[in-house]
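Per-entry structural report
This is what each chain is made of:
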Amino acid sequence: MIMRRGRIGRPGLLGTVARTAVVAGTASATANAVNRRSQQRTAEQEAFAAQQAPAYQQAPVYQVPPAAASPDAGDDLVARLEKLGSLHASGALSDAEFAAAKARLLA
């Protein structure tokens, strides 16, 4: 009985294609796993940073009461404008708040 043995030596075309497919599949599976892990780490870091960030707090709005009509309203108006100017210069009032308060005083 003659027994035929398989091919000896270098693999044929089909063997080469099969080996290439296995190597390529393994490489793409590994690359996909690395990408997924990287995305997961990034998402975890962003969530942690969001928890650690202080909540946004709005700056207090300073309101100046309207000027009351009195006999010496001119002196009072000047004093209030000077007070507004000093608050603005010290940084307690922003430019927009200063302009709004000045408009209310002069109206």
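Small disclaimer: the values here were computed from a predicted structure and weren't measured.

Conventions we followed
- Residues numbered from 1 in each chain as written.
- Predicted model: local features only at pLDDT ≥ 70, side-chain atom pairs only at ≥ 80, totals over all residues.
- Heavy atoms only, no water.
- Helix = DSSP H or I, 4+ residues; strand = E, 2+ residues; numbered from the N terminus.
- Contact = heavy atoms within 4.5 Å.
- Areas by Shrake-Rupley, 256 points an atom, 1.4 Å probe, with all protein chains shown as cover.
- Salt bridge = Lys/Arg side-chain N within 4 Å of Asp/Glu carboxyl O.
- Buried < 20%, exposed > 50% of the residue type's maximum accessible area, 1.4 Å probe, protein only.
- Core = buried A, V, L, I, M, F, W, Y, C linked by side-chain atoms within 4.5 Å.
- Lys, Arg positive; Asp, Glu negative; His and termini not counted.
- pLDDT = per-residue confidence, 0-100.
- Expected span 1.5 Å × (residues − 1).
- Arc of directions from axis to C-beta.

1. Quick word on the overall build of the chain
When helices and strands are counted, the chain shows three helices and zero strands. A separation of at least 24 residues holds for 47% of the contacts in the chain among residues at least 6 apart in sequence. As displayed, the chain offers around 9,400 Å² of accessible surface, 60% of which is attributable to carbon and sulfur atoms.

2. Concerning the pattern of salt bridges
Following the criterion strictly, the structure yields one salt bridge and no others. Close ionic contact of Arg80 with Asp76 constitutes a salt bridge, the shortest N to O distance being 3.3 Å. Of this pair, Arg80 and Asp76 are both found in helix α2 (residues 73–90), four residues apart, which corresponds to roughly one turn of the helix. Using a relative accessible area of 24% as the deciding quantity, one classes Arg80 as partly exposed. According to the relative accessible area criterion, Asp76 is partly exposed, its value standing at 26%.

3. Structural notes on the nonpolar core
In a soluble, globular protein the nonpolar side chains are often hidden away together inside. In terms of nonpolar packing, the biggest core is built from five residues, these being Leu84, Leu93, Phe98, Ala101 and Leu105. Of all the elements, helix α3 (residues 95–106) adds the most residues to this core, at three residues.

4. With respect to the side chain of Glu97
Examined against the element boundaries, Glu97 turns out to sit in helix α3. Although Glu97 is buried, it makes no salt bridge; Arg104 carries the closest opposite charge, 8.4 Å away. If we ignore the near neighbours within four places in the chain, the residues touching Glu97 are Pro60, Val61, Tyr62 and Ala92.

5. So, the confidence of the model for the chain
The pLDDT averaged across the chain works out to 83; a share of 78% of its residues lies at or above 70. Mean pLDDT in the chain bottoms out at α2, which sits at 86, and peaks at helix α1 (residues 13–52), which reaches 92.

6. Quick word on α3
Here α3 is 12 residues long and its end C-alpha atoms lie 16 Å apart, about the 16 Å a rise of 1.5 Å per residue gives. Regarding α3, the residues found buried are Glu97, Phe98, Ala101 and Leu105. The buried side chains of α3 occupy one side of the element, clustering within an arc of 100° when seen end-on. Of the residues in α3, the exposed ones pointing more than 90 degrees away from the buried face are Asp95, Ala96 and Leu106.

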